[in-house]
Amino acid sequence: MKSLKMVKNLYFSLIVLLFSSFSLSYELAPYKNVYKAGKNTAIEELILLQDNTWLMKSEIKHSLFKATQEAKFVVENNKVLVQEASRKLRALGGLMRETQSISVNYDLKELEYSFNRKKGKLFFDDYVYETLTLQIQAKLDLFKKTLPLEIEYNFFNKEELKLKTFNFSEDKSEIKFQEVRDDDKGFLIWFLPERNLTSSKILQKGAIKLSWELESKL
């Protein structure tokens, strides 16, 4: 059970890392980035499906698990509107499997989800984000802002929608992004301002400490 919890914590931290590299002027452009942590690899892609409709995809290959995730979204008035998103996790040789999917209706402020065999519906105010679109919105929110900065986001994971606070601060020539927590868990991500806020590094905290580096910086 300890190994199972460790895998879940590690996977969640890594999945939040993925998907970056767009302009401060909000001019999104297709890209493909590779991240390394020892022999482990994470690949992220941003694909333009049609005018203002984007698909983000990730694939993580770790010694303990394999995971894929994607989210389809549009951007209106500097806000990310996720249309649908999904993720799949397979760990410990298939002993642990996890699937999640959501679809969002902004007119009704309604989010429908499935998590493994469970299904449900939640209602929200303002906007809602999951692990991929959270990162995109965070970078859009940095435009013309003064650091340090704290912003709250409606964040969905598994069966829960929670209002979470995140902090942006300067760290030498980079920007550090992290959730405000009262424990020693969570993650830190560093953005590169001179490279359109590409995620350069992620540090996972907690039971496992693991650092992922953008391959082009190694």
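Every chain is numbered independently, its residues counted from 1 as its sequence is written. Two thresholds apply to this predicted model, a pLDDT of at least 70 for residue-level local features and 80 or more for giving and counting side-chain atom pairs, whereas whole-chain, interface and lining totals are computed over all residues. Only hydrogens and water are set aside; all other atoms, that is, all heavy atoms of the structure, feed into the side-chain values.

(A) Region of interest: the overall build of the chain. If you tally the helices and strands in the chain, you get two helices and 14 strands. Looking at the chain alone, contacts between residues at least 24 apart form 42% of all its contacts between residues at least 6 apart. Calculation of accessible area relied on Shrake-Rupley with a 1.4 Å probe; when residues are assessed, cover is drawn exclusively from the protein chains displayed. On the chain, roughly 11400 Å² of surface is accessible, and the fraction owed to carbon and sulfur atoms is 47%. Secondary structure follows DSSP: runs of H or I at least 4 residues long count as helices, runs of E at least 2 residues long count as strands, and numbering of each begins at the N terminus. What makes two residues a contact is simply this: any of their non-hydrogen atoms within 4.5 Å.

(B) Structural context of the pairing of strand 9 (residues 149-157). The rule is simple: take the accessible area with a 1.4 Å probe, protein chains only, and divide by the maximum for that residue type; under 20% is buried, over 50% is exposed, in between is partly exposed. Within strand 9, seven of the nine residues are buried, which leaves it mostly tucked inside the rest of the structure. Direction of pairing for strand 9 relative to strand 10 (residues 160-171): antiparallel, over a ladder of nine bridges. From the neighbouring strand, Asn-154 faces strand 10, where its bridge partner is Leu-163. Should DSSP find at least two bridges between two strands, the strands are taken to pair.

(C) Empty space enclosed by the protein, seen in detail. Of the two site types, the cavity is a set of points on a 1 Å grid over the protein atoms alone where a 1.4 Å probe fits but cannot get out, and the pocket is an open set with protein on both sides within 12 Å along at least five of seven lines, each lined by residues with an atom within 4 Å of a point. Grid points are joined across faces, edges and corners, and a volume is the space filled by probe spheres set on the points. All told, the structure shown has one cavity of 30 Å³ or more when counted by the stated rule. Each pocket or cavity is described by its volume, and for the largest cavity that value is around 60 Å³. At the level of elements, strand 4 (65-76), strand 5 (79-91) and strand 6 (96-105) are the ones that each hand at least two residues to the lining of the largest cavity.

(D) The arrangement of the layout of surface pockets in detail. One number sums up the size of the second largest pocket: a volume of about 180 Å³. Taken together, 13 residues line the second largest pocket, and the ones lying closest to its centre are Lys-57, Ser-58, Glu-59, Thr-68 and Gln-69. For the lining of the second largest pocket, the elements supplying multiple residues, two or more each, are strand 2 (40-50), strand 3 (53-61), strand 4 and strand 5. Considered class by class, the residues forming the lining of the second largest pocket number one nonpolar, four polar and eight charged. Under the convention adopted here, Pro, Cys and the residues Ala, Val, Leu, Ile, Met, Phe, Trp and Tyr are nonpolar, Asp, Glu, Lys and Arg are charged, and Gly plus all remaining residues are polar.

(E) Quick peek at the pairing of strand 1 (residues 31-37). Of the two faces of strand 1, only one is covered, namely that formed by Tyr-31, Asn-33, Tyr-35 and Ala-37; the face formed by Lys-32, Val-34 and Lys-36 stays uncovered. Following strand 1, the chain reverses through two residues before pairing antiparallel with strand 2; Gly-38 in that reversal takes a positive phi of roughly 65 degrees. Relative to strand 14 (residues 210-214), strand 1 runs antiparallel, the two sharing two bridges. Bridge pairing in strand 14 links Lys-36 to Glu-213.

(F) Geometry of the environment of Phe-187. Along the chain, Phe-187 turns up in strand 12 (residues 186-192). Each C-alpha atom, one on Phe-187 and one on Ile-202, is 6.9 Å from the other, the two residues being 15 residues apart in sequence.

(G) Inspection of the confidence of the model for the chain at higher detail. The pLDDT averaged across the chain works out to 85; a share of 86% of its residues lies at or above 70. pLDDT gives the predictor's per-residue confidence on a scale running from 0 to 100. Mean pLDDT in the chain bottoms out at helix 1 (residues 2-17), which sits at 55, and peaks at strand 7 (residues 110-115), which reaches 97. Note on residues 15-26: pLDDT under 50 across the span, and 60 contacts to partners over four residues away in sequence or across chains.

(H) Broad picture of the packing of aromatic side chains. Each Phe, Tyr or Trp ring (for Trp, its six-membered ring) is paired with any other whose centre lies within 6.5 Å, and the angle between the two planes then decides the class: stacked below 30 degrees, edge-to-face above 60, tilted in between. Going through the model one piece at a time under the given rule, you end up with eight aromatic pairs. Pairing Tyr-106 with Phe-124 gives two aromatic rings, centres 5.6 Å apart and planes at 80 degrees, and the pair type is edge-to-face. Remark: Phe-124 occurs in the loop between strand 8 (118-123) and helix 2 (131-140) and Tyr-106 occurs in the loop between strand 6 and strand 7; sequence separation between them is 18 residues. Phe-124 matches Tyr-106 in its accessibility class, with the two residues each being buried. Criterion for a charge above a ring: Lys NZ or Arg CZ within 6 Å of the ring centre, and within 35 degrees of the ring normal. Seen from the ring of Tyr-127, Lys-109 lies directly overhead, with NZ or CZ sitting 5.7 Å from the centre. Residue placement shows Lys-201 over the ring face of Trp-190; its charged tip is 5.2 Å from the ring centre.

(I) Main features of the nonpolar core. Among buried residues, the Ala, Val, Leu, Ile, Met, Phe, Trp, Tyr and Cys ones that are joined through side-chain atoms within 4.5 Å form a nonpolar core. Counting residues in hydrophobic clusters, the biggest one holds 53 residues, and the most contacted among them are Phe-73, Val-104, Leu-111, Tyr-153, Phe-168, Phe-177 and Trp-212. Once residues lying within four places of it in the same chain are set aside, the contact partners of Leu-111 are Ile-102, Ser-103, Val-104, Gly-120, Lys-121, Leu-122, Phe-124, Val-128 and Phe-156.

(J) Unusual backbone geometry, seen in detail. Here Leu-147 and Pro-148 are connected by a cis peptide whose omega angle stands at 0 degrees. If you trace the backbone, Pro-148 turns up in the loop between helix 2 and strand 9. For Asn-196, which is not a glycine, the phi torsion comes out positive at approximately 55 degrees. With respect to the helices and strands, Asn-196 occurs in the loop between strand 12 and strand 13 (198-205).

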